[in-house]
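Notes for the structure review
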Amino acid sequence: MSGSCLLAAIALGLLVAALSVIVPAAGNMREGDKSRHSLATTLHCRRILPRSLLYAALILFLVVALQFRCREDLSPASLLEITQLGLFVLIAGIDIEHRRIVPLSLALVATLTLALAAQTDALRTVLTGGVAGTLAGSILYAGGRLYRRLMLRFRRELPGIDPFGAADALLAGVCGLYAGWPSIVLALLLGIMGAGAAAAALLLAGRVTQQSALPLAPFLLAGALLASRTSEAVMLPAGLFG
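Fair warning: this is a prediction, and the values are worked out from it, not measured in the lab.

About the thresholds
- Residues numbered from 1 in each chain as written.
- Predicted model: local features only at pLDDT ≥ 70, side-chain atom pairs only at ≥ 80, totals over all residues.
- Heavy atoms only, no water.
- Helix = DSSP H or I, 4+ residues; strand = E, 2+ residues; numbered from the N terminus.
- Polar contact = N/O pair within 3.5 Å; in protein donor to acceptor, adjacent residues only side chain to side chain.
- Contact = heavy atoms within 4.5 Å.
- Buried < 20%, exposed > 50% of the residue type's maximum accessible area, 1.4 Å probe, protein only.
- Axes fitted to C-alpha atoms, helices over the stretch in contact; angles between N-to-C directions.
- Parallel < 35°, antiparallel > 145°, perpendicular 65-115°, else oblique.
- Left-handed = near helix turned anticlockwise from the far one by under 90°.
- Nonpolar A, V, L, I, M, F, W, Y, C, P; charged D, E, K, R; others polar.
- Patch = residues over 30% accessible without salt bridge, like charges linked within 9 Å, V, L, I, M, F, W, Y side chains within 5 Å.
- Areas by Shrake-Rupley, 256 points an atom, 1.4 Å probe, with all protein chains shown as cover.
- Salt bridge = Lys/Arg side-chain N within 4 Å of Asp/Glu carboxyl O.
- Core = buried A, V, L, I, M, F, W, Y, C linked by side-chain atoms within 4.5 Å.

Considering the arrangement of structural elements, one finds T113 in helix α5 (residues 103-119). Of the polar contacts made by the side chain of T113, one reaches the backbone oxygen of V109; its length is 2.7 Å. Apart from residues lying up to four places away in sequence, T113 is in contact with Q84, V126, L177 and Y178.

In structure tokens, the structure reads:
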């Protein structure tokens, strides 16, 4: 990896770490949560530097493991790809810690994805994947709402949030844009299977209950990354759908 790519990943890790604290804090202040400390105190207490190193290391690992176009120099395309990764890490980190997906971050990922697709003449594949991901996300969202109604009818205890919320449905559409068609099929399968396996493991370990709701963003984003970068993964849904 070139030195410019290394510096870009480190700088992006710093930015993502700061945003992972600032964005939720700003949202809480808009909602009228007066118990929060000032932003400066929040930034200090959360220890931005260790978090920055963690995010930078994760971004560097993803760039190397997924073979991004960042071997010799930092081209505009590779910079956009690294920025996409940074947004993925930001979305996943906020969802893990706060069970929240910020719509603006999804809009930024969608914009970057369309910009890259326009450069490679892949708009049709990207847009088809986005439509398929949005439809699948809407179906899963409706299923989650039905699950809550059934739980309310037969049991009094409900998950604090929807198993698959509206923001998760939007994220599925963004994953469809990123993975394209037909890779979005495998991306969603990987994401849902990964979330199910994690939920089962945590349930057996006693870390969660049947009323708990896991953050889905890390699993959906991981599925999109794997499906879009692994040639064998891309060929599987293509074979399934002819």
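Further remarks concern unusual backbone geometry. For the bond from W181 to P182, the omega torsion is 5 degrees, close enough to zero to count as cis. Structurally, P182 can be placed in the loop between α7 (166-179) and α8 (183-204). A positive phi is found at R99, a non-glycine position, where the angle reads about 55 degrees. A relative accessible area of 39% places R99 in the partly exposed class.

Looking now at the packing of helix α4 (residues 76-98) against α5. One can describe the packing of α4 onto α5 by two numbers: an axis separation of 10 Å at closest approach and a directional angle of 155 degrees. Viewed along their axes, α4 and α5 adopt a mutual orientation that is roughly antiparallel. In this structure, the crossing between α4 and α5 has a hand that is left-handed. The residues of α5 that touch α4, namely those facing A77, L80, E81, T83, Q84, L87, F88 and I91, are S105, L106, L108, V109, L112, T113, L116 and Q119. Among the residues making up the contact of α4 with α5, the classes are represented as 10 nonpolar, 5 polar and 1 charged.

This next bit is on a nonpolar patch on the surface. Taken together, L6, I10 and L14 make up a surface patch of nonpolar side chains, about 230 Å² in accessible area. When you line up the elements, L14 lands in helix α1 (residues 3-30). Looking at L14, the relative accessible area reads 43%, which means it is partly exposed.

For the rest of this paragraph, the subject is the nonpolar core. Core analysis: the largest hydrophobic core is formed by 42 residues, its most contacted members being I59, I91, L171, C175, L220 and L221. At the level of secondary structure, the elements contributing two or more residues to this core comprise α1, α3 (48-65), α4, α5, α7, α8 and α9 (217-229). Here this core takes 9 residues from α4, the largest share from any one element. Other than its neighbours up to four places away in sequence, L171 contacts I101, L106, A217, L220 and L221.

In short, geometric facts, not functional conclusions.
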